[in-house]
Amino acid sequence: MKTIFRGLLASLCLAASVQPALASTDYPPAIWNPAASCNYSARTAAVSHVTVHTTQGSYAGSISWFQNCSAGVSAHYVIRSSDGQVTQMVREADKAWHVGTSNGYTVGIEHEGYINDPGTWYTSAMYNASAALTRDILASRSLSQKVYDGGAGWNAVPSDSLYNVKGHVNYANQSHTDPGSGWDWPRYKSLVAGSGSGGTSMTWPLVQYGNTGERVRSIQYLLQQWGYTLTVNASFDTATQTAVKNFQSSHGLGADGIVGNATWPALTILTQQGDSGAKVRAVQSQLNESGAGIAVDGAFGPATATAVKNFQTSKGLGADGIVGDNTWNKMVW
Ligand SMILES: [Zn+2]
């Protein structure tokens with residue numbers, strides 16, 4: 001007993017005087033246990049995406065590997081299978097090395113386990129802990145919750161502009177196949193972005209058949225970006241209604257053809273500098289409604305970025321120039 005007490009006292013003294021703070025500042029529920037600085041570098045782009053990984057090894061083994069300069073790899077977070085414990089190893093403001101050419105704009109989350117044995121390793125505790133973390137990463141940057149649903153296949157490579165939470169295998173130019181075919185994407189998606197607790201409770205305008213104006217134009221541009229063929233005429237006609245219903249059906253939403261609180265967050269797409277296409281036209285056209293006076297050319301260049309930042313400032317949002325859910329919401333009201 002005495003020995004145990006002395007040991008405890010020694011650890012407490014050590015914790016108070018020598019060890020760094022154990023809590024993560026980016027995500028308070030996580031333990032802070034840094035990777036070796038030889039295994040990550042400074043960020044060169046804003047965080048816009050999250051990458052889901054599998055460790056292919058143990059929790060403790062992964063943590064110690066990221067602290068070894070021989071690794072040459074790292075991740076921001078590692079999550080334990082048995083109970084969902086989260087360890088942060090790289091600050092989100094730094095660039096962990098986990099997904100090759102996409103390192104610059106992603107936060108990497110490693111999940112303890114093996115892709116060939118998902119039933120053993122992908123526990124409810126780990127899904128829940130991971131989803132809470134991803135929700136925090138997105139929410140702290142006002143990013144939309146566009147979690148891959150697995151619909152195109154576990155190893156598909158859907159565009160970054162359609163989904164901002166994907167697996168390692170779902171990014172371009174990768175050789176790894178994690179988190180594998182056993183990762184339950186529909187479950188993860190509903191945990192991160194589901195209608196239950198933790199989701200954003202933004203209110204969106206109700207737009208339906210017969211309506212006209214800039215909101216309708218945005219809906220039409222966004223539907224084009226999702227691959228639907230329709231004319232952008234700012235008039236909610238039958239073609240628009242049909243496209244909305246088809247979009248709703250393919251996203252698990254009630255197909256009532258009305259764009260409201262459920263459909264808007266599914267329809268809007270993260271849009272930022274370097275992007276092109278109909279979603280950029282939607283942003284540019286909306287900004288012109290607020291007097292920006294920029295070209296509606298579908299190319300998100302510096303002038304559009306400046307206009308977005310000015311708009312964000314005018315609405316009391318963080319002026320990061322990235323059009324996520326909060327910015328879309330303010331634009332379409
Ligand atoms: Zn990976």
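Below is a summary of the structure that appears in this document. (Residues numbered from 1 in each chain as written. Predicted model: local features only at pLDDT ≥ 70, side-chain atom pairs only at ≥ 80, totals over all residues. Heavy atoms only, no water.)

Examining unusual backbone geometry
The omega angle of the peptide bond from aspartate 178 to proline 179 is 5°, so this bond is cis rather than trans. Checked against the element boundaries, proline 179 lands in the loop between β8 (165-167) and α5 (185-193). A positive phi angle, close to 55°, is found at glutamine 56, a residue other than glycine. Assignment of secondary structure puts glutamine 56 in the loop between β3 (49-54) and α2 (59-66). By relative accessible area, which is 41% here, glutamine 56 ends up partly exposed. (Helix = DSSP H or I, 4+ residues; strand = E, 2+ residues; numbered from the N terminus. Buried < 20%, exposed > 50% of the residue type's maximum accessible area, 1.4 Å probe, protein only.)

Examining the packing of helix α6 (residues 214-225) against helix α9 (residues 278-289)
Where α6 meets α9, the closest approach of the two axes is 7 Å, and the angle between their N-to-C directions is 165°. Considering the angle they form, α6 stands roughly antiparallel to α9. Crossing angle aside, the handedness with which α6 passes α9 is left-handed. Here α6 contributes Glu214, Arg215, Arg217, Ser218, Tyr221, Leu222, Gln224 and Gln225 to the contact with α9, which in turn contributes Ala278, Lys279, Arg281, Ala282, Ser285, Gln286 and Glu289. Of the residues contributing to the contact of α6 with α9, the split by class is four nonpolar, five polar and six charged. (Axes fitted to C-alpha atoms, helices over the stretch in contact; angles between N-to-C directions. Parallel < 35°, antiparallel > 145°, perpendicular 65-115°, else oblique. Left-handed = near helix turned anticlockwise from the far one by under 90°. Contact = heavy atoms within 4.5 Å. Nonpolar A, V, L, I, M, F, W, Y, C, P; charged D, E, K, R; others polar.)

Comments concerning the nonpolar core
Membership of the largest hydrophobic core comes to 65 residues, with the highest contact counts inside it found for Tyr77, Tyr188 and Ile219. Examining the composition of this core, we find that seven residues originate from one element, helix α4 (residues 124-139), more than from any other. No fewer than three residues from each of domain 1 (17-193) and domain 2 (214-332) sit in this core. Core analysis: the next-biggest nonpolar cluster, separate from the first, contains nine residues, Phe66, Ala75, Met89 and Ala96 among them. (Core = buried A, V, L, I, M, F, W, Y, C linked by side-chain atoms within 4.5 Å. Domains from an automatic or database assignment.)

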